[in-house]
Amino acid sequence: MINYLDHFEVSEFDLIIVGAGFYGATMAERAAAIGKRVLVLDRRPHIGGNAYSENEPETGIEVHRYGAHLFHTPNETIWNYLNRFTAFTNYRHRVYTSLKGQVYAMPINLGTICQFFRRQMTPDQARQLVAEQAAELAGRTPSNLEEKAISLIGRPLYEAFIRGYTAKQWQTDPRDLPEYIITRLPVRYNFDNRYFNDRFEGLPADGYTAIFKRMLSAPNISVALKTDFFEVRKRIPKSVPVVYTGPIDRFFDFAHGELGWRTIDFDTEVLSVGDFQGTAVMNYADENIPFTRILEFRHFNPERDYQTEKTVVVREYSRSATRLDEPYYPINTPSDKGKYMKYKEMAENEDNVFFGGRLGTYRYLDMHQAIGSALKSFESEIAPRLEAQHT
């Protein structure tokens, strides 16, 4: 059972953690395991960060409140670590894309290519076609997302499936986005339409929130929700280490300007049908359709005995974030990179504050990467600092 606090004295703890998402929860669990007293602060009214899930009251269907979270990792150490707190289902993520009234498998595979060009091709024929269509780069190194995508799949497939969706998703011209974003999406010359390539994949059998309840259940971990770190930071003794997972620009009061973030608006609807779209995720590549995708959460857990009279769908609308919005993903334009390097230099001069997580390091991190980063940082930075406290 989690020890929730309404009132607390920060000087009573060995470590303060700002944020109860995967990075913060991993740090808290590891520190508690070596006997340290940990206080976790979160301004939201719940634990779990963006991975928080809850059952929609009308249907009983588990919904990921902040967008679909699909756990996958190639790292056995991370997989084994998280399996201490949950069992996983055998869910394998598959995504489809709607384009001009047709539905295609995504990521792009041999089936997508054959369907789009309306002819059957062998793997070698498809590779040759894509290579011809990617020749416009003439072997030069891609410098942005658009060029990287064209180098991978050629211009026709890029224009159809990537350009419009990316522009909607990031609210930024793909030519102004870093090339590494598109490398997360595999391209296959077979009919495998599994979205991820990783060895380990699944969804937590009891939902995401149950993981955090178990990770934060040690008696020497305390959690204060609806608590703004910036309202209590002056009370924290300089001798107490702080792990900060909020936006790094906010920590330094936007001294070098605001970093670009993308946020998402969610439109949740309960429909009086048993199955709305037949799959968990349907992307919409057409630029004239304002939302990027529709999630239907019953399909994430086909092993559960959900009722079949109603279903829950969520439409996602992506836009640039303001200071008042929840920042989800760093846009990371060249201008943003310049600003972040200045903030990073400031962070390195903070004696007892450690920055982590997606917002704290201005990096696009999957869940397993956040956990792995926290485990590494704990061993190399936090544990030695904690052990030195009383020596």
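As a reminder, the structure under discussion sits directly above these lines.
Residues numbered from 1 in each chain as written. Predicted model: local features only at pLDDT ≥ 70, side-chain atom pairs only at ≥ 80, totals over all residues. Heavy atoms only, no water.

A. Broad picture of the sheet that holds strand β11 (residues 242–244). What the 6 strands build is an open sheet, ordered β1-β10-β3-β2-β11-β17; its pairing is parallel. For this open sheet the edge positions go to β1 (3–4) and β17 (353–355), each flanked by a neighbour on one side alone. The pairing of strand β3 (residues 38–41) with strand β10 (residues 221–224) spans 4 bridges and is classified as parallel. Residue Val 40 lies in a different strand from β10, and its bridge partner there is Val 223. (Pairing = 2+ DSSP bridges. Helix = DSSP H or I, 4+ residues; strand = E, 2+ residues; numbered from the N terminus.)

B. Summary view of the packing of aromatic side chains. Scanning the model with the defined rule gives 33 aromatic pairs in all. Ring geometry for Phe 229 versus Phe 230: centroids 5.2 Å apart, planes at 70°, classification edge-to-face. When the centroid spacing of 6.1 Å and the interplanar angle of 70° are considered together, the rings of Phe 230 and Tyr 244 count as edge-to-face. Of the two residues, Phe 230 sits in helix α7 (residues 229–232) while Tyr 244 sits in strand β11, which places them 14 residues apart along the sequence. A residue is classified by how much of its surface remains accessible, and Phe 230, at 21% relative accessible area, is partly exposed. Tyr 244 sits in the buried class, given a relative accessible area of 2%. Counting every residue linked through ring pairs, the aromatic cluster contains Phe 229, Phe 230, Tyr 244, Phe 251, Phe 252, Tyr 343 and Phe 355. Over the face of the ring belonging to Tyr 66 we find Arg 44, whose NZ or CZ atom lies 4.1 Å from the ring centre. (Phe/Tyr/Trp six-rings, centres within 6.5 Å; stacked < 30°, edge-to-face > 60°. Buried < 20%, exposed > 50% of the residue type's maximum accessible area, 1.4 Å probe, protein only. Lys NZ or Arg CZ within 6 Å of the ring centre and 35° of its normal.)

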